[in-house]
Amino acid sequence: MADNLPSEFDVIVIGTGLPESIIAAACSRSGQRVLHVDSRSYYGGNWASFSFSGLLSWLKEYQENSDIVNESPAWQEQILENEEAIALSRKDKTIQHVEVFCYASQDLHEDVEEAGALQKNHAAVTSANSTEAADSACLPTEDESLSTASCERPAEQTPSSDAESALEVNDAEATGEKENHCDDKTCVPSTSEEETGENVPTVEDTAEQPKKNRITYAQIIKEGRRFNIDLVSKLLYSRGLLIDLLIKSNVSRYAEFKNITRILAFREGRVEQVPCSRADVFNSKQLTMVEKRMLMKFLTFCMEYEEHPDEYKAYEEITFSEYLKTQKLTPNLQYFVLHSIAMTSETASSTIDGLKATKNFLHCLGRYGNTPFLFPLYGQGELPQCFCRMCAVFGGIYCLRHSVQCLVVDKESRKQISRAVLITDRSVLKTDSDQQISILTVPAEEPGTFAVRVIELCSSTMTCMKGTYLVHLTCTSSKTAREDLEPVVQKLFTPYTETEIENEEVEKPRLLWALYFNMRDSSDISRSSYNDLPSNVYVCSGPDCSLGSDNAVKQAETLFHQICPNEDFCPPPPNPEDIILDGDSVQPEASESSAIPEANSETPRESANLGNPEEPSE
């Protein structure tokens, strides 16, 4: 199967998570011969994003996941007498306690297919399992390596380069299928009429038509390609290490981003917006004039706290929460600063931790918008793929669905992340605009539990269908994901039931679908976690529970410098005009322009391109 591949490489990277993809890109950029393999059929590993049907296939894959043991595998015959092979476990143990709940009406969901998806064998696959990945592996040769990063994408994953065109196909199909959607077994009325509002039902069939704003499971399945659901929920700090790396390496040209529009707080059973920029503070109607002056004075101090050690040195041994009580801040302001600006633990974060977090938040304000955060269009899974593309451009070779049979045995990690993914019908805080991207922190209420981070994404992020919101909940695990997160879900949302549909003035957003799962937090795993590792084997960790991705970037840079000690980490690509061709060799940049389409070429204009933004005036 791999006859056309070179037999020797300088660096072999296993897994396509974010840190692995950054290392592969950096090594390829520095001239190393890189082979990047992944046993999965998609990029990103636990950093991946899926369409709705892709997520269902991913769930099925974990339900059927078993450790297949072959008593006499063929690869053992390749081992020489002076070599020792340690078989790798093929069972992925990083995901546990998976639970799925559907609250939307399921009356019409049987045999409904995802628009634009590949044809399925109805006798073998039910609609709940949706489209499976193709079994064939894509093994690029050296000549094909320039285009592999853009072509190797399974049906489940909505690629950034053609997702927009896929949405257009869906729209075109919808116009031709407004009457009904038929297959070889049944004929299901389409729900696209409700969205367009162009066809008004007659009096006779009004009772048969779904009510306004009613979203069914069939509709979610059919519009599944409009979803891009992240396994790990993170945001990008506008001055964080990942943004700096994207700009420095010019990998940012492969992706587009949107600003997080709101910072929210959950206090006394109510969701409210937090003023964080100077303009927000002075325009806020929640704060009195005295509170505005208090807040601005404190935030100004936080920006330059290191220059005034006398004002905080005496409080270094206490928590940041206790330190805020010593400042001239009202309880209202203390809550906003602790949970929505610093976003630190009420009981575990020291004064220095809180001041650093607050300064970092304020330092990131204004670079690309009124909040410190950016979100990549089409989901977090785009970021590993962007670095994989850079690796391929400089000659890296990719093999998906190609597992490594033996190397080292993974060591268990006890830390876990609790995750929930929800589909809802409206925002947790309703405003005039329905295209808000929000982050909300719900503080822990009981000892031994952790604050829950809520990120709410609208359809303009290309992660959900119109009329819905995709909500990610994340916290450090203390129990199973459902036990950790369901109390917060119950506070913010109400299940989508027939009774609630009758009431048009439902106070909370309706919950249509929910997924709970635990993911291993292996951020503390390193070479020292293993015994007798060969000197040329390095270990990357998976996603951690933090909001940003600085840990992945730091880890990738550290490992790169261990592999290539005298090389620059992800330098900018050369200007094509400055490249001197050696003989008949092809310059990477020239090949890229013809082989790889520019990502997200048709994304909305309001999305942000990373570059050198104008710094806002104070």
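What you are looking at is a predicted structure, and each value in this text was computed from that prediction instead of being measured. (Residues numbered from 1 in each chain as written. Predicted model: local features only at pLDDT ≥ 70, side-chain atom pairs only at ≥ 80, totals over all residues. Heavy atoms only, no water.)

A.B. asks: What's the story with the sheet that holds strand β9 (residues 257-259) in this structure? I'm lost.
C.D. replies: Hydrogen bonds between backbone groups are what pair the strands of a sheet, and the pairing can be parallel or antiparallel. As summarised here, the arrangement of the three strands in space is β8-β12-β9, forming an open sheet in which the pairing is antiparallel. The open sheet has two edge strands, β8 (236-237) and β9, and neither has a second partner. (Pairing = 2+ DSSP bridges. Helix = DSSP H or I, 4+ residues; strand = E, 2+ residues; numbered from the N terminus.)

A.B. asks: I keep staring at the packing of helix α9 (residues 289-303) against helix α11 (residues 331-341) and nothing clicks. Help me out?
C.D. replies: When two helices pack together, their arrangement is captured by the angle between the axes and the distance separating the axes. The contact between α9 and α11 brings their axes to 10 Å, and the two run at 40°. Judged by the inter-axis angle, α9 sits oblique to α11. As for how α9 packs across α11, the hand of that crossing is right-handed. Contacts between α9 and α11 involve E291, M294, L295, F298 and L299 from the former and N332, L333, V337 and I341 from the latter. Partitioning the contact of α9 with α11 into residue classes produces seven nonpolar, one polar and one charged. (Axes fitted to C-alpha atoms, helices over the stretch in contact; angles between N-to-C directions. Parallel < 35°, antiparallel > 145°, perpendicular 65-115°, else oblique. Left-handed = near helix turned anticlockwise from the far one by under 90°. Contact = heavy atoms within 4.5 Å. Nonpolar A, V, L, I, M, F, W, Y, C, P; charged D, E, K, R; others polar.)

A.B. asks: Is there a simple way to think about helix α13 (residues 382-393) in this case?
C.D. replies: Because an α-helix completes one turn every 3.6 residues, residues spaced three or four positions apart along the sequence face the same direction. Look at α13: 16 Å from first C-alpha to last across 12 residues, which is about the 16 Å you get at 1.5 Å a residue. Burial analysis of α13 places 12 of its 12 residues in the buried class, the great majority of the element. (Expected span 1.5 Å × (residues − 1). Buried < 20%, exposed > 50% of the residue type's maximum accessible area, 1.4 Å probe, protein only.)

A.B. asks: How should the pairing of strand β1 (residues 11-14) be read in this particular structure?
C.D. replies: Two faces make up the sheet, and in a regular strand the side chains alternate between them. Going residue by residue along β1, you find V11 and V13 tucked away on one face and I12 and I14 left uncovered on the opposite face. Two elements, β1 and strand β2 (residues 34-38), share four bridges in a ladder whose sense is parallel. Across the sheet, V11 pairs through a bridge with V34, a residue of β2. With helix α1 (residues 18-29) bridging β1 and the parallel β2, this β-α-β connection has right-handed handedness. (Right-handed = clockwise from strand over helix to strand, strands pointing away.)

A.B. asks: Looking at this structure, I do not really get the pattern of salt bridges. What am I missing?
C.D. replies: Any two side chains of opposite charge can pair if their charged atoms end up close together. In this structure the tally under the stated criterion is 16 salt bridges. Between D38 and R40 there is a salt bridge; the shortest N-O distance is 3.7 Å. Judged on exposure class, the residue D38 and its partner R40 are both buried. In this structure, E99 and R482 form a salt bridge, with 3.3 Å as the shortest nitrogen-oxygen distance. Of this pair, E99 sits in strand β4 (residues 95-102) while R482 sits in helix α14 (residues 481-492); the two residues are 383 residues apart in sequence, bridging distant segments of the chain. For E99, a relative accessible area of 24% corresponds to the partly exposed category. The class for R482 is partly exposed, based on a relative accessible area of 28%. One network of salt bridges, with partners in common, ties together E99, R482 and E486. (Salt bridge = Lys/Arg side-chain N within 4 Å of Asp/Glu carboxyl O.)

A.B. asks: How do you make sense of the pairing of strand β14 (residues 416-424) when you look at a structure like this?
C.D. replies: The buried fraction of β14 is high, at nine of nine residues. Sheet analysis places β14 next to strand β19 (residues 510-520), joined by nine bridges and oriented antiparallel. When the bridges of β19 are listed, V421 appears paired with L515. Where β14 meets strand β17 (residues 469-476), eight bridges bridge the pair, whose relative direction is antiparallel. Looking across to β17, one finds that I417 is bridged to T476.

Limitation: the analysis is restricted to geometry and does not speak to function.
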